[in-house]
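The residues making up each chain are set out below.
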Amino acid sequence: MTSPYADVIGDPIAQSKSPAIHNFWLGKLGIDAQYRACLVKSDGLADYLAQRRGDPHWRGCNVTMPHKQAVMPLLDAIAPDAFRIGAVNTVVRGSDGALTGLNTDAAGFLEPLSEALARPHLYRMARILGAGGAARAIVAALAAQGFTIVLAARDPAKARALLNELAPGPDNHAVDIAHFAPETDFAFDDRAGLLDLVVNASPLGMAGQPPLRFDFSHAPPGALIYDIVTHPLVTPFLIEAQQRGFATIDGLAMLIGQAAVAFEQFFGQPAPREFDAELRALLTA
């Protein structure tokens, strides 16, 4: 391969929408380059990076599960935000072959919230479901935006450790994810001037995974419901939220947002975001 190229790596990888996104943008900009999916198993990660490091045409890769943490000790440098989050989802090759790890998940997650975050609030609170790799970036991003966080996981001790690392403080709480399954009669106070988020940062509700059990009596009035799952794009969680009158954000918003940050790193030009509607239509066809 003589033209520039980048990959997305993971196991499994066939379901990734990243090649469609990046190749759509390359086509719109007329850039002679390629972006492809590459199945990399855990025992092949070091060999993959060693081979790519010596290829001057390789610009880097996006990193999906299960490699977001395992890749870190194999790199030459890690950006401060990725180091703080403790996960890398983008590797960029320098002209000297040096590999730098970045995390674009936090920026991608926040992008569809930019309008809401531009407004002042008396209080910001997020209920985050899941404590895996994606949740790390989301917790770090929302803590930096002044949110009080309730982090729910099957293992509350894991959620507590994550909060202690990324969002320490007495106001943030870790709970069992089962806490949100049954109905509650909790009486929410006046939410005027508040920004409430409920975020599914877990794979629950994804095709092939168990459903997300969440009773919407736990969602404050006016909360914004955000699901990072992309397959299916409109999850049962989002469908019920919409039926109940909540505003929603789907997983493509985060996926496209984080991809745009990586695209500029790989190919040296900003992603042509004026075509977002066309891209969404392509990805959901």
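About the thresholds
- Residues numbered from 1 in each chain as written.
- Predicted model: local features only at pLDDT ≥ 70, side-chain atom pairs only at ≥ 80, totals over all residues.
- Heavy atoms only, no water.
- Core = buried A, V, L, I, M, F, W, Y, C linked by side-chain atoms within 4.5 Å.
- Buried < 20%, exposed > 50% of the residue type's maximum accessible area, 1.4 Å probe, protein only.
- Helix = DSSP H or I, 4+ residues; strand = E, 2+ residues; numbered from the N terminus.
- Contact = heavy atoms within 4.5 Å.
- Pairing = 2+ DSSP bridges.
- Right-handed = clockwise from strand over helix to strand, strands pointing away.

S.K.: Describe the nonpolar core, naming the residues involved and giving the relevant values.
M.R.: With 38 residues, the main nonpolar core has F109, L113, I128, V139, L142, I149 and L151 as its most contacted residues. For this core, the element with the highest residue contribution is helix α6 (residues 133–144), accounting for eight residues. Not counting residues up to four positions away in its chain, the partners in contact with I128 are I138, V139, L142, I149, V150, L151, A152, V199 and A201. Formed by 26 residues, the second largest nonpolar core is a distinct cluster that contains L233, L252, A259 and A262.

S.K.: Account for the pairing of strand β11 (residues 224–227), naming residues and giving values.
M.R.: Here β11 shows a buried face lined by L224 and Y226 and a second buried face lined by I225 and D227. Relative to β11, strand β10 (residues 194–200) is paired through four bridges, and the arrangement is parallel. Paired with V199 across the bridge in β11 is Y226. Where β11 meets strand β12 (residues 247–249), three bridges bridge the pair, whose relative direction is parallel. When the bridges of β12 are listed, L224 appears paired with A247. At this point the chain moves from β11, through helix α8 (residues 236–243), to the parallel β12, and the crossover so formed is right-handed.

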